[in-house]
Amino acid sequence: MTPNQQFTSRNRLRELLVGKHPSRTLRRAIVLAVLAYVIARYVFLPVHVQGMSMLPTFKDGTIHVANLLKYTWHEPRRGDIVLISLTGTRALYLKRILGLPGETIEFRNGELLVNGEPLAEPYVKGTNSWDMPRMTILPREYFVAGDNRSIPINLHTLGTVDRTKIAGGILF
Amino acid sequence: MLKKTIHIKPLDLQVPLWILLVLALGLSVYAWTSRDSWLIHHRLSKMASLVSKNAGENVLVGLVRAKEVVGFFTEHPAISLGPTASISDRDEISAAIHQLRSGVDTLKINVRDTKLNIAPNRTEAVMNVTVEGVFTVGGETDNDLREFQLDWVKNSDGEWLIQGAKSIQTIQRPPALGRAF
């Protein structure tokens, strides 16, 4: 390869990497990086599921994407899978909404009753013997639990959560 | 013969110098104001590593570590771990830590999120912290997520100590079910 050819190929490589206008490419790269960070931090948050409380819907170790803006324009609905924030968004609870504000909720031998009426839960697999006396959900609160009812109720994290703690929902 | 001379205008040097000075001043102010925050976070991560437990840890080492954790608390802290469980004595803290660590084969405490508010007098601070405990019992690994509020106070030696701690129930368990195990 002649020195001239070497120079041309080096130029082509440089052009491929940083474009014809490196400063413009740098500006674009910075804007893209900032945009990617903001979207991944405040809009579509990648989440890594740990634990078995949402089995069989969400398996331990799987990765999903959360939508942190899901409840910006409407309130959570029954059956929604929601992310519940603790101090921040680096560790969150993943639960399903079973009861809405003002409703009564109870478990009778594994069956969920909302306002005294049995509610079908197609996402729950197998039988269980969860029992919980009837309780009324306060305004601005939601009743949440995991889908894995094979875990005894005394070992399961379930209960009411304030609306402000619902950070978003699962996108996929 | 043409003699080349290089002229450096005083202003050319002054501008970058001023920028550097302002940057240095800004950094100093930032370092000074965030010093307490750094100290508290450092103590928290030290405490987390002391509470953590490796496989096959010697009993004596465990006792020493539990005793060391006590040094992060004031003489009579107010610790509330639920509606019925509370601790207000350093020996009780040591015993509780020892009991917690003895019940598991391995334990890794990860500090996941923190939110710190330092009082304007810079001697008191309130911190919300989410910790994750990954533990192994009988070969099975599990994890637990908890949120706490820690009240920090700075002693006369400039050392930050925990004077109060309480567990925050993000998901309020129905009272009829009692405490989760």
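Thresholds applied
- Residues numbered from 1 in each chain as written.
- Chains lettered and ligands numbered in written order.
- Predicted model: local features only at pLDDT ≥ 70, side-chain atom pairs only at ≥ 80, totals over all residues.
- Helix = DSSP H or I, 4+ residues; strand = E, 2+ residues; numbered from the N terminus.
- Contact = placed C-beta atoms within 7 Å.
- Pairing = 2+ DSSP bridges.
- Nonpolar A, V, L, I, M, F, W, Y, C, P; charged D, E, K, R; others polar.
- pLDDT = per-residue confidence, 0-100.
- Axes fitted to C-alpha atoms, helices over the stretch in contact; angles between N-to-C directions.
- Parallel < 35°, antiparallel > 145°, perpendicular 65-115°, else oblique.
- Left-handed = near helix turned anticlockwise from the far one by under 90°.

J.: Please explain the environment of E147 of chain B as it appears in this structure.
T.: By secondary structure assignment, the location of E147 of chain B is in strand 5 (residues 140-154). In the structure, E147 of chain B is positioned 19 residues away from K166 of chain B in sequence and 8.7 Å away in space, judged by C-alpha atoms. For E147 of chain B, the contacting residues outside a window of four places in its chain are L86 and T87 of chain A together with N128, T130, I168 and T170 of chain B.

J.: Looking at this structure, I do not really get the pairing of strand 6 (residues 111-114) of chain A. What am I missing?
T.: Look at any regular strand and the pattern is simple: side chains alternate between the two faces of the sheet. Residue and element names in this part refer to chain A. Bridging between strand 5 (residues 104-108) and strand 6 involves four bridges; their strand directions are antiparallel. Within the sheet, the bridge partner assigned to F107 lies in strand 6 and is L112. Adjacent in sequence and paired antiparallel, strand 5 and strand 6 are bridged by two residues, among which N109 carries a positive phi angle near 50 degrees. Two strands pair when backbone bridges link them, and strand 6 and strand 7 (residues 117-118) are joined in this way by two bridges, in the antiparallel orientation. Within the sheet, the bridge partner assigned to V114 lies in strand 7 and is E117.

J.: How should the interface of chain A and chain B be read in this particular structure?
T.: The parts lose accessible area when they come together, and the size of an interface is often stated as this lost area. Between chain A and chain B, the contact holds 22 residues from the first and 20 residues from the second. For the side of chain A that touches chain B, the elements supplying multiple residues, two or more each, are strand 8 (132-136) and strand 10 (159-162) of chain A. When the residues that make up the side of chain A that touches chain B are grouped by side-chain class, the tally is 12 nonpolar, eight polar and two charged.

J.: Would you mind showing me how to read the confidence of the model for chain B here?
T.: Low pLDDT means the predicted coordinates in that region are not meant to be read closely. Residues with a pLDDT of 70 or more make up 90% of chain B, whose mean pLDDT is 87. For this predicted complex, the interface confidence reaches an ipTM of 0.81, while the overall pTM sits at 0.77.

J.: Would you mind showing me how to read the packing of helix 2 (residues 35-51) of chain B against helix 3 (residues 59-70) of chain B here?
T.: Packed helices, taken two at a time, are described by the angle between their axes plus the distance between the axes. Residues and elements named next belong to chain B. Packing of helix 2 against helix 3 leaves a shortest axis separation of 9 Å and a crossing angle of 155 degrees. Relative to helix 3, the element helix 2 is oriented roughly antiparallel. Regarding helix 2 and helix 3, the two cross each other, and that crossing is left-handed. Judged by residue contacts, M47, L50 and V51 of helix 2 engage R65, E68 and V69 from helix 3. Looking at the contact of helix 2 with helix 3 residue by residue, the class counts come to four nonpolar, no polar and two charged.

J.: It is not clear to me how the packing of helix 3 of chain B against helix 4 (residues 90-102) of chain B should be interpreted in this structure. Could you clarify?
T.: Residue and element names in this part refer to chain B. At a minimum axis distance of 8 Å, the contact between helix 3 and helix 4 shows a crossing angle of 140 degrees. The orientation of helix 3 relative to helix 4 falls into the category oblique. Crossing of helix 3 against helix 4: the hand is right-handed. Together, G62, L63, A66, K67, V69 and V70 of helix 3 and R90, I93, S94, I97, H98 and R101 of helix 4 make up the contact between the two elements. Residue composition of the contact of helix 3 with helix 4, grouped by class: six nonpolar, three polar and three charged.

J.: Quick question: what am I supposed to make of the sheet that holds strand 1 (residues 44-48) of chain A here?
T.: Hydrogen bonds between backbone groups are what pair the strands of a sheet, and the pairing can be parallel or antiparallel. Residues and elements named next belong to chain A. Spatially, seven strands are ordered 1-2-11-3-4-9-10 in an open sheet, and the strand pairing comes out antiparallel. A strand with exactly one partner marks an edge of an open sheet, and here the two such strands are strand 1 and strand 10. Going across the sheet, the axis of each strand differs from the next one's by a mean of 50 degrees, ignoring polarity. Judged from the three bridges that link them, strand 4 (residues 92-99) and strand 9 (residues 141-145) form a sheet pairing that is antiparallel. Pairing of I97 across the sheet is with V144, part of strand 9.

J.: Help me understand the sheet that holds strand 5 of chain A, please; the structure alone is not making it clear to me.
T.: The strand order across the open sheet formed by four strands is 7-6-5-8 (chain A), and the pairing between neighbours is antiparallel. Two strands in the sheet have a free side with no partner beyond their single neighbour: strand 7 and strand 8 of chain A.

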